[in-house]
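# What the coordinates show
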Amino acid sequence: MVPRLAFAFFALAAMPALAADPVAIVEDAKGRNLDVDFMDYLEAGRVVKLGAGDELVVGYLASCWRETIKGGTVTIGAEQSAVAGGTVRREKVACSGTKMQLTSDQAAKSGVMVFRAPPRPTAAAASAAQPTQTIYGLSPVLDVKGGGQITIARLDQAEAPVTLDIPAQQLMRGSFFDMAKADRALAAGGIYRISVGGAGDARQIVFKVDTEAKPGAAPMLSRLLRL
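Quick summary incoming for the structure in this document. (Residues numbered from 1 in each chain as written. Predicted model: local features only at pLDDT ≥ 70, side-chain atom pairs only at ≥ 80, totals over all residues. Heavy atoms only, no water.)

## A word on the overall build of the protein
In terms of regular secondary structure, the protein is built from four helices and 14 strands. Burial status across the protein gives 41% buried among its 227 residues. Once local pairs closer than 6 in sequence are excluded, the contacts in the protein between residues at least 24 apart make up 61%. Carbon and sulfur atoms form 54% of the exposed surface of the protein, whose accessible area is close to 12,200 Å². (Helix = DSSP H or I, 4+ residues; strand = E, 2+ residues; numbered from the N terminus. Buried < 20%, exposed > 50% of the residue type's maximum accessible area, 1.4 Å probe, protein only. Contact = heavy atoms within 4.5 Å. Areas by Shrake-Rupley, 256 points an atom, 1.4 Å probe, with all protein chains shown as cover.)

## Topic: the sheet that holds strand S12 (residues 191–196)
On the basis of which strands lie adjacent, the open sheet formed by five strands has the order S7-S13-S12-S9-S10 and mixed pairing. Across the chains shown, the open sheet's two edge strands, defined by having one partner strand only, are strand S7 (133–137) and strand S10 (162–166). Pairs of neighbouring strands in the sheet enclose a mean axial angle of 30°, with direction left out of account. In this sheet, strand S13 (residues 203–214) lies alongside S7 in parallel orientation, the contact comprising four bridges. From the neighbouring strand, Gln133 faces S13, where its bridge partner is Phe207. (Pairing = 2+ DSSP bridges. Axes fitted to C-alpha atoms, helices over the stretch in contact; angles between N-to-C directions.)

## A word on the sheet that holds strand S11 (residues 176–178)
Taking strand neighbours across the sheet as the criterion, the three strands line up as S11-S8-S14 in an open arrangement whose pairing is mixed. Looking at strand neighbours, the two that pair on one side only are S11 and strand S14 (224–226), the edges of this open sheet. Across the sheet, the mean angle from the axis of one strand to that of its neighbour is 20°, orientation sign disregarded. Relative to S14, strand S8 (residues 141–143) is paired through three bridges, and the arrangement is parallel. In the sheet register, Asp143 faces S14, and the bridge partner there is Arg226.

## Quick word on the state of the cysteines
Scanning the entire structure with this criterion turns up one disulfide. With its sulfur 1.9 Å from that of its partner, Cys64 forms a disulfide with Cys95. Measuring the twist about the S-S bond at about -85°, one finds the Cys64-Cys95 disulfide to be left-handed. Linking Cys64 in the loop between strand S3 (47–60) and strand S4 (65–75) with Cys95 in the loop between strand S6 (87–92) and helix H2 (104–108), this pair joins segments that are 31 residues apart in sequence. (Disulfide = S-S within 2.5 Å.)

Structural data, given as structure tokens:
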């Protein structure tokens, strides 16, 4: 007769492991036979082995560390990597830190508002449009998971919203839309709402563009928005 504790152990072992929330993103990967690629999310505890000539650039969502790692064995941590047998160069970049770590479920619960005419700036509207994140580049990188219709509405000034239809084939890795590559930029200091999807499947984020934000391809951490 098998003890109940043994049954419980076997049952837990048979259950699929729960996916951990990502703590970092791959901004660049150079080498052969790597098991990570550009724009992959990484969870804490992930181990990546690099050859002598391999290079990995990792951006940490919470701590805003950007690491350039050459060779060795890389163990992803909560805020930075442990590197054995290789070299690592770290730099702090401007990013919103832990605010980028919202799970997909949390982002989906925020609802959606679509402006069909330019909104009138009022005190009530301004107080309701509190940004949850700041980006430090004028052209954000959007994680929109499959594409679709994207609406960009400015909330601090009366401007007509912009709607983009982005098919999945235009996305990097099937999820990411880089507005810099599309030659689209927002206004420094502006507050925006970006929403993607239609009724019943809408995601959104309200964010601010830093007043010192720069044009072009700034580091991914500085302009990543996860919807």
